[in-house]
Amino acid sequence: KGGDAGTKEGFLEVFQRLAKEIGEDPVVAQQPEYARNWIKEMTQYNVPKGKLNRGMAVLDGLLAIKPDIGEEQKLQANVLGWCIEWLQAFFLVADDLMDDSTTRRGQPCWYKRQDVGTIACNDSIFLEASLYRILRKHFRHEPYYSQLLDLFLETTFQTSTGQLLDLITAPSGVVDLSKYKLSTYKTIVQYKTAYYSFYLPLACAMVLGGMQDEAAFSSARDISINMGEYFQAQDDYLDCFGDPEVIGKIGTDIEDNKCGWLICKGLEKMSDQQKQVVAENYGKKDAACVSRIKALYREIDVESDFKAYENASYDRLKLLIESQAYVPPSFYMKL
């Protein structure tokens, strides 16, 4: 017997099984060998390479709600977890193409491979379609099948609106300071990240656990949105002020013209003269320009604003988590 269902090894074994099922799907089986090989390689390249914490959170959530489940339900939780990872792969393959990115998860972006290019557009569609094949094969006889379909379709719709807002608020090379508002930032984070990263794994666990109460889902949604914003703001802060040795990456949000927490908050308290400095230096791939923006952040002390925001957000989250009884607070603390 392979790894335990709750371990990364056990989770990855479920992936290999699902990838094999996609390869044996009657539609895929009709394709010539070179097309089947493409699907196999593309899936292996893009789906199982991340941290996998979103996918593995489904089983964690189910165990928090129903600690005494059997192996069959553990498998169902991990299958749903992989549906989330397939969904994420679909988003990322398309996202990298739109953002003209070069690397993803320590390897060249899929579209950057010489033999791929814009075929990645169709590959992203195939990845999305694959997750619905998996859902149908494993859940179509369950009474909650339509609930799962609705959940994944709704999350895709939400994420696509967040992605669009992100793309048109701060397009590469175009700095429009009037668009950098905290309200817009919060909307981007909520729709582009919070729903699929935090709410979807938890909602999947709740559906599997037999939860029906709309108030439970509403509470989970509220907490997930707050968590998404809290973690994204932290990420934005570390991108600018974190030590690359510690965070494992060199921040590029300033060069990339990102609509991030620091710039949105900073603009609220800048003078017209300081805003002019931003207009001239933000979104430029030039080390001197980046240094000027960072110096400006220090001048207006946006760091202390972030610390105050971080503490207030943490307290609000703690209160939201502890004042509900639907999901054990210990599960949220794991996310």
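Everything below is about the structure shown above.
The following paragraphs examine the structure supplied in this document.

Rules behind the numbers
Residues numbered from 1 in each chain as written. Predicted model: local features only at pLDDT ≥ 70, side-chain atom pairs only at ≥ 80, totals over all residues. Heavy atoms only, no water. 1 Å grid on protein atoms, 1.4 Å probe; cavity = no way out; pocket = protein on both sides within 12 Å on 5 of 7 lines; lining within 4 Å. Points joined across faces, edges and corners; volume = space filled by probe spheres on them. Helix = DSSP H or I, 4+ residues; strand = E, 2+ residues; numbered from the N terminus. Nonpolar A, V, L, I, M, F, W, Y, C, P; charged D, E, K, R; others polar. Core = buried A, V, L, I, M, F, W, Y, C linked by side-chain atoms within 4.5 Å. Buried < 20%, exposed > 50% of the residue type's maximum accessible area, 1.4 Å probe, protein only. Contact = heavy atoms within 4.5 Å. Phe/Tyr/Trp six-rings, centres within 6.5 Å; stacked < 30°, edge-to-face > 60°. Axes fitted to C-alpha atoms, helices over the stretch in contact; angles between N-to-C directions. Parallel < 35°, antiparallel > 145°, perpendicular 65-115°, else oblique. Left-handed = near helix turned anticlockwise from the far one by under 90°. Salt bridge = Lys/Arg side-chain N within 4 Å of Asp/Glu carboxyl O.

Right, let's get into empty space enclosed by the protein. A full pass over the atoms with the stated rule returns 2 cavities of 30 Å³ or more. Empty space within the largest cavity amounts to approximately 100 Å³. Taken together, 13 residues make up the lining of the largest cavity; nearest its centre are Asn46, Val93, Asp96, Arg104 and Trp110. Of the residues forming the lining of the largest cavity, the biggest block, 3 residues, is contributed by helix α5 (residues 71-99). In terms of residue class, the lining of the largest cavity is built from 7 nonpolar, 2 polar and 4 charged.

Turning next to the nonpolar core. Grouped together as the largest cluster of nonpolar side chains are 73 residues, with contacts concentrated most on Leu80, Trp82, Trp86, Leu135, Phe139, Phe152 and Met206. With 13 residues, α5 is the largest single contributor of residues to this core. Apart from the residues within four sequence positions on either side, Phe152 is in contact with Leu80, Cys83, Ile84, Leu87, Leu131, Tyr132, Leu135, Leu200 and Cys204. Membership of the second largest hydrophobic core comes to 28 residues, among which are Tyr180, Cys259, Met270 and Ile300.

Using the criterion set out here, one finds 22 aromatic pairs in the structure. Between Tyr237 and Phe306, the aromatic rings sit 4.5 Å apart at their centres with planes inclined by 5°, giving stacked as the arrangement. In this pair, Tyr237 is assigned in helix α9 (residues 214-241) and Phe306 in helix α14 (residues 302-322), connecting sequence segments 69 residues apart. On the accessibility criterion, Tyr237 (10% relative accessible area) is buried.

Attention shifts here to the packing of α9 against α14. Orientation of α9 relative to α14, taken along the N-to-C sense of each, is 155°, at an axis distance of 10 Å. Considering the angle they form, α9 stands roughly antiparallel to α14. The handedness of the crossing between α9 and α14 comes out as left-handed. Residues Asp222, Ile223, Asn226, Met227, Glu229, Tyr230, Ala233, Gln234, Tyr237 and Phe241 of α9 lie in contact with α14, whose contacting residues are Val302, Glu303, Phe306, Lys307, Tyr309, Glu310, Ser313, Tyr314, Arg316, Leu317, Leu320 and Ile321. Considering only residue class, the contact of α9 with α14 consists of 13 nonpolar, 3 polar and 6 charged.

Here we come to the pattern of salt bridges. Applying the stated criterion across every chain yields a total of 14 salt bridges. A salt bridge links Lys20 to Glu24, with the shortest nitrogen-to-oxygen separation between them at 2.9 Å. Looking at Lys20, the relative accessible area reads 53%, which means it is exposed. A salt bridge links Arg221 to Glu214; the shortest N-O distance between them is 3.6 Å. In this structure Arg221 comes out as partly exposed when scored by relative accessible area, which is 26%.

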